[in-house]
Amino acid sequence: LDKIKKANLPIDRARKNMKKDFFFQLLSFPALFIYPYIFPVPEQHLSLIWWLIICISLIMCIPMGYLFSFYKKSYQMDYSSLKSLNWFYYNYKFGIDLFRIYTYATYLLLMLYVGVVFFLNLSKDMTTLLQSNPLFYIGVLFMALMFAAFCYMVLHFWIRWLYQKPLDQIKQIIDEFD
């Protein structure tokens, strides 16, 4: 019984972290939707930009919806048994993995989005000049790899900072029962 009570603290911390993340995610939607107004796009390509924004938004909604559903269900559970702790642990871990996978997809779409906006804002002469230079392609590849590495590091920091510690504490408590 004492071990079960000890589990409530990391579970409460995990819920608090999920709540923080919901608000951060909700704030990212307006930032995404005002981007086309900050970096104007030619009118004939506006539908492409909005299509990318909608795809990114939908991909962001899937893990957020799962975590929100899990968050609400976690308050209805009675954590007085090992079965309930296991349920919380494995659903929480699955939510983190789902968040990680969908974030990778979102990052790829964001790279596409930034690239499209960049190219659509270039003049025809500048685009032709850049495309004729092989160093341009090396630069684009380098920038894409740097962006991917940066996103990877930010994602892992974010997960470790918000989610990993309560997950490890819950796992420790579950392991003590074995």
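Sequence order as written defines the numbering, with residues in each chain counted from 1. Side-chain atom pairs in this predicted model are given and counted only at pLDDT of 80 or more, local residue features only at pLDDT of at least 70, and totals for whole chains, interfaces and linings cover all residues. Each side-chain value is derived from all of the structure's non-hydrogen atoms; neither hydrogens nor water enter the calculation.

Draft legend 1. View of the overall build of the protein chain. In DSSP terms, a helix is any run of H or I states spanning at least four residues, a strand is any run of E spanning at least two, and both are numbered starting from the N terminus. Helix and strand counts for the protein chain come out as five helices and zero strands. Helices and strands appear in the protein chain in the N-to-C order α-α-α-α-α. C-alpha atoms define the radius of gyration in this analysis, and the globule rule sets the expected value at 2.2 Å times the number of residues to the power 0.38. Here the C-alpha radius of gyration of the protein chain, 21 Å, is well above what a compact globule of 178 residues would show, namely 16 Å. Contact criterion: two residues are considered in contact whenever any of their non-hydrogen atoms come within 4.5 Å of each other. Nonlocal contacts in the protein chain, meaning residues at least 24 apart in sequence, comprise 85% of its contacts between residues at least 6 apart. All accessibility values rest on the Shrake-Rupley procedure with a 1.4 Å probe; residue burial counts only the protein chains present in the view. Summed over its atoms, the accessible surface of the protein chain is roughly 11300 Å², and 70% of this surface lies on carbon and sulfur atoms. For the protein chain, the distance from the average position of its 17 positive side-chain charges to the average position of its 11 negative side-chain charges is 4 Å. In summary, the charge assignment counts Lys and Arg as positive and Asp and Glu as negative, without counting His or the chain termini. Every charge is mapped to an atom, namely NZ of Lys, CZ of Arg, CG of Asp or CD of Glu.

Draft legend 2. Broad picture of helix α5 (residues 134–177). The span you would expect from a helix comes to 1.5 Å times its residue count less one. In this model, α5 (44 residues) spans 61 Å end to end at C-alpha, consistent with the 64 Å of a helix rising 1.5 Å per residue. In this structure asparagine 133 caps α5, since a side-chain oxygen of it lies 3.0 Å from the backbone nitrogen of leucine 135. Throughout this description, a polar contact denotes any pair of N or O atoms lying within 3.5 Å of each other; where both atoms belong to protein, one of them has to be capable of donating a hydrogen while the other can accept it, and for residues adjacent in sequence the pair is counted only when both atoms sit in side chains.

Draft legend 3. Region of interest: the environment of serine 57. Residue placement: serine 57 occurs in helix α2 (residues 46–74). You can call serine 57 buried: its relative accessible area is 8%. Serine 57 sits 49 residues away from threonine 106 along the chain, and the two C-alpha atoms are 8.5 Å apart. Once residues within four sequence positions are removed from consideration, serine 57 is found in contact with Phe29, Leu32 and Phe33. To sort residues, take the accessible area from a 1.4 Å probe on protein chains only and compare it with the maximum for the residue type: under 20% means buried, over 50% means exposed, and anything in between is partly exposed.

Draft legend 4. View of the side chain of aspartate 21. Structurally, aspartate 21 is set in helix α1 (residues 2–38). The salt bridge definition used is simple: a Lys or Arg side-chain nitrogen within 4 Å of an Asp or Glu carboxyl oxygen. Buried charge without a salt bridge: aspartate 21, with lysine 20 as the nearest opposite-charge side chain at an N-O distance of 10 Å. Other than its neighbours up to four places away in sequence, aspartate 21 contacts Phe99, Trp158, Leu162 and Tyr163.

Draft legend 5. Main features of the packing of α2 against helix α3 (residues 82–120). Orientation of α2 relative to α3, taken along the N-to-C sense of each, is 170 degrees, at an axis distance of 9 Å. Taken together, the axes of α2 and α3 are roughly antiparallel relative to one another. Remark: the crossing between α2 and α3 carries left-handed chirality. Of the residues that constitute the contact of α2 with α3, the class distribution is 28 nonpolar, four polar and one charged. Comment: axis = line fitted to C-alpha atoms, over the contacting stretch for helices; angle = value between 0 and 180 degrees taken between N-to-C directions. Here roughly perpendicular refers to angles of 65 to 115 degrees, roughly parallel to angles under 35, roughly antiparallel to angles over 145, and oblique to all remaining angles. Working rule for handedness: look at the near helix, and if it is turned counterclockwise from the far one by less than a right angle, call the crossing left-handed; if clockwise, right-handed. Side-chain classes are defined by residue name, with Ala, Val, Leu, Ile, Met, Phe, Trp, Tyr, Cys and Pro counting as nonpolar, Asp, Glu, Lys and Arg as charged, and the others, Gly among them, as polar.

Everything listed here is a matter of geometry and, on its own, says nothing about what the molecule does.
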